[in-house]
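The residues making up each chain are set out below.
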Amino acid sequence: MNLSEPLLRTFRKLARKLWVEKQAAKAYLIFTSAIRTGLKRDLESIDFDKINLERTDEVAFFPEFYSRDYRTTLHGVIAHGLNYRGVGSIFVFDNNSLDVSRGYSSRYDDEQVRRAKQNREFTEVMNLPSVFLDEIDYDSSIENKQIKPIIKNYAEATALRELRVAKIDYDNPEHDNLVKRYKHTGRVAWEVTDKLHEKYDFDYIVSTGSAYLPRRISIEFAKRNDISITASSDPVYGDGNDLMFSRMDGPQTHYISNFAWEKIKNRSLTPEQEQELNQFMNDRIDTVEQTQYADPDRTPDVSEDDETYSMYTHLPWDAAIQGVSRIFDNQYEWVSETVRYFESLDEKELIIKIHPAEKMRGTEEGITDVLKPLFNDLPENVRTLKPDTDIYPYELMKASDVVLVYTSTVGMEATYLDTPVITSADGHYAEKGFTYDPTTEEEYNDLLIQSSDKLELDENRVNLVRKYLFNYFIQRPINFDLVQPTPYSSNQSIVQDLNTAADLKPGQNNSLDHICKAIIENTTYFYTKSH
């Protein structure tokens, strides 16, 4: 018997109010699947073959730790695809040994209980060779000096996400305790990965490209042990409906290797590709989620006499802005110091466009919270636009003389729209030849002081940004029809186009063929769509 999703949500809310969510979860999970309603039935009907590690010479490691409907289904399908091509797989799952995994996944006790059962159900229904944490003899008290600062960085990034703040306040017991718990999670992840590597000697690691614990630690282990990495970004968190894979040549999946970029920038776009890019960008500008509060007909109010600089901030607690600063310590310092620079630039105006995600996804600490204690009143030539402003961001980009960014995607979009861009952090598109990328505060200030006319967008910069955009938005993403993300409330199946296990054999699905080939042969396919 399976309980309906609306009934389960109501039951969970009531249990949490009564502080009995753990006991309630154990009770209702007797009667229903922990995997999304309908998905378990679909997966059972596929009848996955057994992945036999004894018959394969190479092994791929999937550091799953906690399962997710879409993500674990995707990884399970890739594992079976690899199995038909001679590579075995081993998964690792938590079973409540970790008191924290990723913030929103473990905020309530009932989620931990449900996740543990879901982990078991996935291993059974997808026939995945798996090890659970309580089956591994590890010592979480061991502190490796070499990786201690790495664990600290990712523990802080994961804690920031849960707390929805921009920086950790170690004088706050809640902050301090949460980081300590995530450090413990990081140590466990490292020890477990090390133990499993000793036993299985895996050749590949397949995981997500996020900066959150515990999965990220296995990626860092692979980097330090010369193990081939394949990481992906969920379509729902990316810039389209398709998967983006990488070798983790940067802090996030979106980054590409210098070698791949050299190949891409030396290719000329065909007239058909130029047209395809223009159509994509026009559609994106009309539909991208970040414009949901904006009115396309609203004309930005910019000065006709002064030069206009528009600044686009990032969500303060997002891992995309952690550890990538090139000039300032963090995004907040970038904003506050830029405001100070503009105090003396009377003939220039600065418009600070606050990221709509501060409203869409929420934050306990926003850009205005940082500016208020630093400035009694903002300089007359500086103003902010709220996260839910109806000003259309793309019209503001076009109306600006210069755009200032930290790591925002706006940096490439504004260049595409013929507005020069100054970056101050190492976003995935920085230093690719089409943005201005100062490396010191002095260089940054010099770019602000000089006339905006000197920041030219010559033909070379225009060509480079178009090549980068075509690769990033059109060429790199892979449409993987066998596993498609769907909203949790949707009745549409994640695996609606996957009918039998035979669909995963070589020659049956072009995307899976290329994904497996790229993993096994470590080719540049994920960047260039060629092996």
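Placed above this text is the structure.
Scoring rules and cut-offs
- Residues numbered from 1 in each chain as written.
- Predicted model: local features only at pLDDT ≥ 70, side-chain atom pairs only at ≥ 80, totals over all residues.
- Heavy atoms only, no water.
- Helix = DSSP H or I, 4+ residues; strand = E, 2+ residues; numbered from the N terminus.
- Expected span 1.5 Å × (residues − 1).
- Buried < 20%, exposed > 50% of the residue type's maximum accessible area, 1.4 Å probe, protein only.
- Contact = heavy atoms within 4.5 Å.
- Pairing = 2+ DSSP bridges.
- Axes fitted to C-alpha atoms, helices over the stretch in contact; angles between N-to-C directions.
- Phe/Tyr/Trp six-rings, centres within 6.5 Å; stacked < 30°, edge-to-face > 60°.

> Requested: an account of helix H6 (residues 148-163), with residues and values cited.
Taking 1.5 Å per residue, 16 residues should reach 22 Å; H6 reaches 22 Å between its end C-alpha atoms and fits that length. Burial within H6 is extensive, with 12 of its 16 residues counted as buried. Listed as buried for H6 are Ile150, Ile151, Tyr154, Ala155, Glu156, Ala157, Thr158, Ala159, Leu160, Arg161, Glu162 and Leu163. Elements that come into contact with the buried residues of H6 comprise helix H7 (173-200) and helix H8 (215-224). Directly after H6, the chain includes arginine 164, whose backbone phi takes a positive value near 60°.

> Explain the sheet that holds strand S3 (residues 130-132) to me, and be specific about the residues and the numbers.
Strand pairing within a sheet occurs via backbone hydrogen bonds; the two strands may be parallel or antiparallel. Strands sit in the order S3-S2-S1-S4-S5-S6 across an open sheet of 6 strands; the sheet is mixed. Looking along the sheet, the strands with just one partner apiece sit at the ends: S3 and strand S6 (244-246). Across the sheet, the mean angle from the axis of one strand to that of its neighbour is 20°, orientation sign disregarded. Of the pairings in the sheet, the one linking strand S1 (residues 58-65) to strand S4 (residues 204-208) comprises 2 bridges and is parallel in character. Along S4, the bridge assignment pairs alanine 60 with tyrosine 204. Strands in contact with helix H18 (residues 510-521) are S1, strand S2 (87-93), S4, strand S5 (228-233) and S6; relative to S4, the strand with the most contacts, it is inclined by about 130°.

> Talk me through the packing of aromatic side chains; I want residue IDs and the actual numbers.
Taken as a whole and judged by the stated rule, the model has 17 aromatic pairs. Residues tyrosine 309 and phenylalanine 342 carry aromatic rings whose centres are separated by 5.5 Å and whose planes lie at 70° to one another, so their mutual orientation is edge-to-face. Of this pair, tyrosine 309 sits in strand S7 (residues 307-312) while phenylalanine 342 sits in helix H11 (residues 331-343), and the two are 33 residues apart along the sequence. Assigned by exposure class, tyrosine 309 and phenylalanine 342 land together as buried. With centroids separated by 5.0 Å and ring planes inclined at 75°, the aromatic side chains of tyrosine 472 and phenylalanine 473 adopt a geometry described as edge-to-face. Its relative accessible area of 2% is what places tyrosine 472 among the buried residues. Phenylalanine 473 gets classed as buried once you look at its relative accessible area, which sits at 7%.

By themselves, these figures tell us nothing about what the structure is for.
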